[in-house]
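Topology and contacts: notes
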Amino acid sequence: MTGSTPGPSGGDRRRGVPAGTYRLQVTADFTLDDAAGVAGYLADLGVTHAYSSPLLRSAAGSTHGYDTTDHAHIDEPRGGQAGFDRFVAALHEAGLGLVLDLVPNHMGIADAHESGWWWDLLRRGRGSAHADVFDVDWDAGGGKVRLPVLGSADDLSKLELVEADGEVELHYYDNRFPVAPGTGQPADDPVAVHARQHYELVDWRRADAELNYRRFFAINTLAGLRAEAPEVFTATHGLIVRLVESGAVDALRIDHPDGLADPKGYLDRLAGATGGRWTVVEKILEPGEVLPESWQTAGTTGYDALAEVDDVLVDPTGEPALTALDTELAGRTVDYAQLVHDCKREVTDGILGSEVARLARIVGELPGVPAGEVTEALAELLAGFPVYRSYLPDGREYLDATVAAVRERRPDLTAAVDGLHPLLGTAGTELATRFEQTSGPVMAKGVEDSAYYRWARFVALNEVGGDPARFGTTVADFHEAQHVRAERLPRSMTTLSTHDTKRSEDVRARLAVLAELPTEWAELVRDLLDRHPLGDRSMAHLVWQNLVGAWPLSRERAHAYVEKAAREAGTSTTWNDPVQEFEDQLHALVDAAYDDGTTHAQIEAFVARIAPFGWSNSLSQKLLQLTIAGVPDVYQGTELWDFSLVDPDNRRPVDYALRRSLLARLDEGWIPPVDDTGAAKLLVVSRTLRHRRDSPDAFAGYAPLEASGTAADSVVAFDRGGAVTVATRLPVRLARTGWGDTALHLSTGAWRDLLTGTRVVSDASGVALGELLAQLPVALLVRD
């Protein structure tokens, strides 16, 4: 079978709904020309669209592109316009389209001089033609923008006046800032000149409480844009619209819509400007939450699908033992809901304190309520909000439920909460809108970047879009979720790994095995902690899980990961105030995994024990993700085993020469074993993507399939309307029992597995799973 692309040709296929996408992280080290070089491989793999990270001009040295500095140009270090044109030409020659990632919420200002708009705002203040592009609270800063760049307030003495590019500038080490016309000359006192500017350089520590411009999360170098303003939309989307109109860009991915003042209005305007091209949004849905039906979007970028697939492969019977281990190590029973609340309060009272203060300024005075109680009530409401945000009137029920919960938990705030409730529930007001824009960052920083690193019970569940408190689901729950997906979001993206996931899909698949071997794992952890004690035992547990999940990995990768994990957790060390003694102990623990003979042997032995079960889980979750309703995405490199941890570990170079050679062998008829080469995964990915591309009608429905027999609980299967997915689950349990008499009940007749070529006949008793899954733990069946 070759990788040719039959069916609708050229533009028709590119402009439609993708059958499959492949995410590429385009950087200065993997340029647009490098991306063009893999276009043929992607077509052979079976996708219909390349899916690129942001490509507009970004901050110097940016490795991700989410810090746009100029919306009118393609980033030159990534290849510039010429490189982009060659990339698109290569895609079109291969019959592929392009999905492009857009960042409408914010832009990069790390180097003020790189961003012409921000430079002009600093130079001219409110009089700048670009003053309304950014979300600045001028009054709170006394007519100035506060820039938290100084090492201390005393550092004002280190300012210098320099003439550059024909203008006078203020320099602070490598930072450049403009001088307003007529306010300073090189010979003047820099401190006096600084006092006359439209900005105020302040101690970086003041950002948490006193910043007066909206940011992306708590990143001072990413300034929020007012994308809701038509003129701002036009200015930031002009190039993108032209690329869509020219046929260079066929579909769009929208970054962080929760930061926008009016996501619905933005999507309406975008659809109008781009002709309603297929568009997905990076929206993280909590379990049970749904996208507003009024949004002009095909769906999300797939974190919701990730959670559904992962959860069905986790054995719920492992929960008591792993919870007991976590309680033992933590010294208490962890109340996850309380942990989330407390982490979110640390965010509202810390790194996002300036955003809460801005909300309090908008509220002003509430009759009979002290100002401090207003701020406290806002913080409690943000900490208790159960989803990332509402989109009033959509999501009003979440606000009402949060108000009720805070009134019960904090009766001392009843007057403040009751006064805020109608104000926060009035759609379109500045207060309600900014509360919505703030609740998402509080959730992300408090949960994803804090609680996920503090609760180490079972880190396979600590993933974006997941719920660590929900320990696996049943096959029936999975089928119900897929019925809903097929009905509500049939064109939404599905994924298992992204540039933002905490662990790659194959790490999570291996760690899922721990739920089937909780006693063995607990014994190993206790032994490791006895020989390599760490005061923060929960962090030690998190570290050992991740090392085992990603093993073998280089010492450098392991050290980088544990430092980030510990600082994100913030319990024993932090980013702003690293505790050297603790970090030394943490790094010594990592070194023990490599240098201590006993420890190294234990890790090697345990990984060897669980790796084959992890491979089984990996193949199952990949086939499930590729065949449920939606548009499946493959993150770069994950068509083979990929044992990556959180960024930047998951953005390492991909060996495409290896993947090409393995795919060529598969196309010659090789059926690989399930081993450490990962070729079996490439087989699953390529055959499934090709069938989705070539036979879309075979994926137009959803019907669960039943199994019977002794191991019936170890399979999940469904018919998409001609293509039948069969996937093994709970492989450890299956290894103990074997398939035995277990049969899958298919409609009678002959069937062929597209993965191995195995042919089976289904009769009244079904198909014996021992026969069907003799070579691989998964199968993709079609009528023979």
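None of the values given here were measured: they were computed from a predicted structure.

**With respect to the overall build of the chain**
In terms of regular secondary structure, the chain is built from 28 helices and 27 strands. Since a compact globule built from 784 residues should have a radius of gyration of about 28 Å, the 27 Å found for the chain is in line with a globular shape. Going through the 784 residues of the chain one by one, you find that 61% of them count as buried. For the chain, restricting intrachain contacts to residue pairs at least 6 apart in sequence, the fraction spanning at least 24 positions comes to 73%. Summed over all atoms, the accessible surface of the chain reaches about 27,600 Å², with 51% contributed by carbon and sulfur.

**Details of empty space enclosed by the protein**
All chains considered together, the criterion is met by six cavities of 30 Å³ or more. Considered as a void within the structure, the largest cavity measures approximately 200 Å³ in volume. If you go around the largest cavity, you meet 19 residues; those closest to its centre are Arg214, Arg215, Glu355, Gln437 and Thr438. When residues of the lining of the largest cavity are traced back to their parent elements, those giving at least two are β12 (215-216), α13 (353-363) and α17 (430-454). In terms of residue class, the lining of the largest cavity is built from seven nonpolar, seven polar and five charged. Approximately 110 Å³ is the volume found for the second largest cavity. Lining the second largest cavity are 14 residues, and of these Leu56, His71, Leu102, Val103 and Ile240 lie nearest its centre. Secondary-structure elements contributing two or more residues to the lining of the second largest cavity are β4 (68-74), β5 (97-102) and α8 (230-245). Residues belonging to the lining of the second largest cavity are distributed by class as follows: eight nonpolar, five polar and one charged.

**Section: the confidence of the model for the chain**
Averaged over all residues, the pLDDT of the chain is 96; the fraction at 70 or higher stands at 98%. Scored below 50 in pLDDT, residues 1-7 makes 18 contacts in the model with residues more than four places away or belonging to other chains.

**Regarding the side chain of Asp506**
Following the sequence through the fold, Asp506 ends up in helix α19 (residues 505-511). Reaching out from Asp506, the side chain makes a polar contact with the side chain of Lys681 at a distance of 3.0 Å. Excluding its chain neighbours within four sequence positions, the residues that come into contact with Asp506 are Ser618, Gln621, Leu640, Trp641, Asp642, Phe643 and Lys681.

**Quick notes on the side chain of Asp250**
By the secondary structure assignment, Asp250 is in the loop between α8 and β14 (251-254). Assessed through its relative accessible area of 2%, Asp250 is described here as buried. In this structure, Asp250 is in contact with Arg14, Arg15, His49, Gly97, Leu98 and Arg277, ignoring residues within four places of it in sequence.

**With respect to the environment of Ala540**
As for its placement among the helices and strands, Ala540 is situated in helix α21 (residues 537-550). Remark: the alpha-carbon pair of Ala540 and Val590, spanning 50 residues in sequence, is separated by 9.7 Å.

**Focus on the environment of Ala251**
Its place among the elements puts Ala251 in strand β14. Judged by its relative accessible area of 0%, Ala251 is buried. If near-sequence neighbours (up to four positions away) are discounted, Ala251 is found in contact with Leu98, Val99, Leu100, Arg277 and Trp278.

**Considering the sheet that holds strand β23 (residues 743-744)**
On the basis of which strands lie adjacent, the open sheet formed by three strands has the order β20-β23-β26 and antiparallel pairing. Here the strands that pair on one side only, and so sit at the sheet edges, are β20 (707-708) and β26 (767-768). Relative to β23, β20 runs antiparallel, the two being bridged by two bridges. Of the residues in β23, the one forming a bridge with Ser708 is Ala743.

**A look at the pattern of salt bridges**
Inspection of every chain in the model, using the stated rule, returns 70 salt bridges. Between Glu200 and Arg206 there is a salt bridge whose closest N-O contact spans 3.9 Å. You can call Glu200 partly exposed: its relative accessible area is 24%. Among the ionic pairs, Glu520 bridges to Arg609, the shortest N-O distance being 2.7 Å. With Glu520 in helix α20 (residues 518-531) and Arg609 in helix α24 (residues 597-627), this residue pair connects regions lying 89 residues apart in the sequence.

**Thoughts on α21**
A rise of 1.5 Å per residue sets the reference length of α21, with its 14 residues, at 20 Å; its end C-alpha atoms lie 20 Å apart and thus fit the reference within 8%. Of all 14 residues making up α21, 13 are buried, and the element is well covered by its neighbours.

**Here we look at the pairing of strand β11 (residues 199-203)**
Here β11 lies mainly inside the structure; four of its five residues are buried. The sheet contact formed by strand β7 (residues 145-150) and β11 spans five bridges and is parallel. Of the residues in β11, the one forming a bridge with Val145 is Tyr199.

**Quick word on the nonpolar core**
Counting residues in hydrophobic clusters, the biggest one holds 143 residues, and the most contacted among them are Leu24, Phe84 and Trp521. Sorting elements by how many residues they give to this core places α24 first, with 11 residues. In this structure, Leu24 is in contact with Phe30, Ala35, Val38, Leu42, Ala50, Tyr51, Ser52, Ser53, Phe87, Gln636 and Tyr656, ignoring residues within four places of it in sequence. Judged by nonpolar contacts, the second largest core, of 33 residues, contains Leu121, Val168, Leu201 and Ala223.

**Some points on the environment of Tyr391**
By the secondary structure assignment, Tyr391 is in the loop between α14 (371-384) and α15 (396-409). Tyr391 sits 130 residues away from Ala261 along the chain, and the two C-alpha atoms are 9.2 Å apart. If we skip the residues at most four places from it in the chain, Tyr391 touches Asp258, Pro263, Lys283, Pro292, Trp295 and Glu436. Side-chain polar atoms of Tyr391 contact the side chain of Lys283, separated by 2.8 Å.

**Quick word on α13**
Counting buried positions over the 11 residues of α13 gives eight, a clear majority of the element. For α13, the complete set of buried residues consists of Gly353, Ser354, Glu355, Val356, Arg358, Leu359, Ala360 and Val363. Residues of α13 that are buried in the fold lie against α7 (207-210), β12, α12 (336-349), α14, α16 (414-424) and α17. Phi turns positive, to about 70°, at Gly364, one or two residues after α13.

**Describing the packing of helix α11 (residues 319-330) against α21**
At a minimum axis distance of 8 Å, the contact between α11 and α21 shows a crossing angle of 135°. With respect to α21, the axis of α11 lies oblique. Contact residues: Leu325, Glu328, Leu329 and Ala330 in α11; Arg537, Ser538 and His541 in α21. Tallied by class, the residues present in the contact of α11 with α21 amount to three nonpolar, two polar and two charged.

**Side note on the packing of aromatic side chains**
Counting across every chain of the model gives 18 aromatic pairs. Relative to Tyr391, the ring of Trp295 lies with its centre 4.7 Å away and its plane at 80°, an arrangement referred to as edge-to-face. Of this pair, Trp295 sits in the loop between β15 (279-281) and β16 (299-300) while Tyr391 sits in the loop between α14 and α15, and the two are 96 residues apart along the sequence. Residue classification places Trp295 among the buried residues on the basis of a relative accessible area of 6%. Residue Tyr391 is classed as buried on the basis of its relative accessible area of 9%. Through pairs of rings, three or more aromatic residues link up here, namely Tyr22, Phe30, Tyr41 and Tyr656.

**As for the pairing of β14**
Neither face of β14 is left uncovered, since the one carrying Ala251 and Arg253 and the one carrying Leu252 and Ile254 both have all their residues buried. Bridge count for β5 against β14 is four bridges, and the pairing is parallel. Following the sheet pairing, Leu100 is matched in β14 by Leu252. By the bridge criterion, three bridges tie β14 to β15 in an arrangement that is parallel. Bridged to Arg253 within β15 is Val280. The parallel pair β14 and β15 is bridged by helix α9 (residues 263-274), and the resulting crossover is right-handed.

The rules we used
- Within each chain, residues carry numbers counting from 1 in the order of the written sequence.
- Two thresholds apply to this predicted model, a pLDDT of at least 70 for residue-level local features and 80 or more for giving and counting side-chain atom pairs, whereas whole-chain, interface and lining totals are computed over all residues.
- Heavy atoms from the whole structure form the basis of all side-chain values; hydrogens and water molecules are not counted.
- Every helix listed is a DSSP run of H or I at least four residues long, and every strand listed is a run of E at least two residues long, numbered separately from the N terminus.
- The globule rule used for comparison is 2.2 Å times the number of residues to the exponent 0.38, while the radius of gyration itself is calculated over C-alpha atoms.
- Burial here depends on accessible area, computed with a 1.4 Å probe over protein chains only, as a share of the maximum for the residue type. Under 20% is buried, over 50% is exposed, and the range in between is partly exposed.
- Residues are treated as being in contact if the distance between any of their heavy atoms lies within 4.5 Å.
- All accessible areas in this document rest on Shrake-Rupley with a 1.4 Å probe, and a residue is counted as covered only by the protein chains that are shown.
- Note on definitions: the grid is 1 Å and covers protein atoms alone; a cavity is a set of points where a 1.4 Å probe fits but cannot get out; a pocket is an open set with protein on both sides within 12 Å along at least five of seven lines; lining residues have an atom within 4 Å of a point.
- Grid points are joined across faces, edges and corners, and a volume is the space filled by probe spheres set on the points.
- Note on residue classes: Ala, Val, Leu, Ile, Met, Phe, Trp, Tyr, Cys and Pro are nonpolar, Asp, Glu, Lys and Arg are charged, and everything else, Gly too, is polar.
- What pLDDT reports is the predictor's confidence in each residue, on a scale of 0 through 100.
- Polar contact is defined as a pair of N or O atoms within 3.5 Å, subject to the rule that within protein one atom must be able to donate a hydrogen and the other to accept it, and that residues adjacent in sequence are counted only when both atoms are side-chain atoms.
- Pairing between strands is defined by DSSP: at least two bridges between the two strands are required.
- The term salt bridge refers to a side-chain nitrogen of Lys or Arg lying within 4 Å of a carboxyl oxygen of Asp or Glu.
- How far a helix is expected to stretch is found by multiplying one less than its residue total by 1.5 Å.
- Throughout, nonpolar core names a set of buried Ala, Val, Leu, Ile, Met, Phe, Trp, Tyr and Cys residues whose side chains join them through atoms within 4.5 Å.
- To obtain an axis, a line is fitted to C-alpha atoms, over the contacting stretch when the element is a helix, and the angle between two such axes runs from 0 to 180 degrees between their N-to-C directions.
- Roughly parallel means an angle under 35 degrees; roughly antiparallel means over 145; roughly perpendicular covers 65 to 115; every other angle is labelled oblique.
- Between rings of Phe, Tyr and Trp, where Trp is taken as its six-membered ring, a pair exists when centres lie within 6.5 Å; planes separated by under 30 degrees are stacked, by over 60 edge-to-face, and by other angles tilted.
- When the strands point away from the viewer and the path from the first strand over the helix to the second turns clockwise, the crossover is right-handed.

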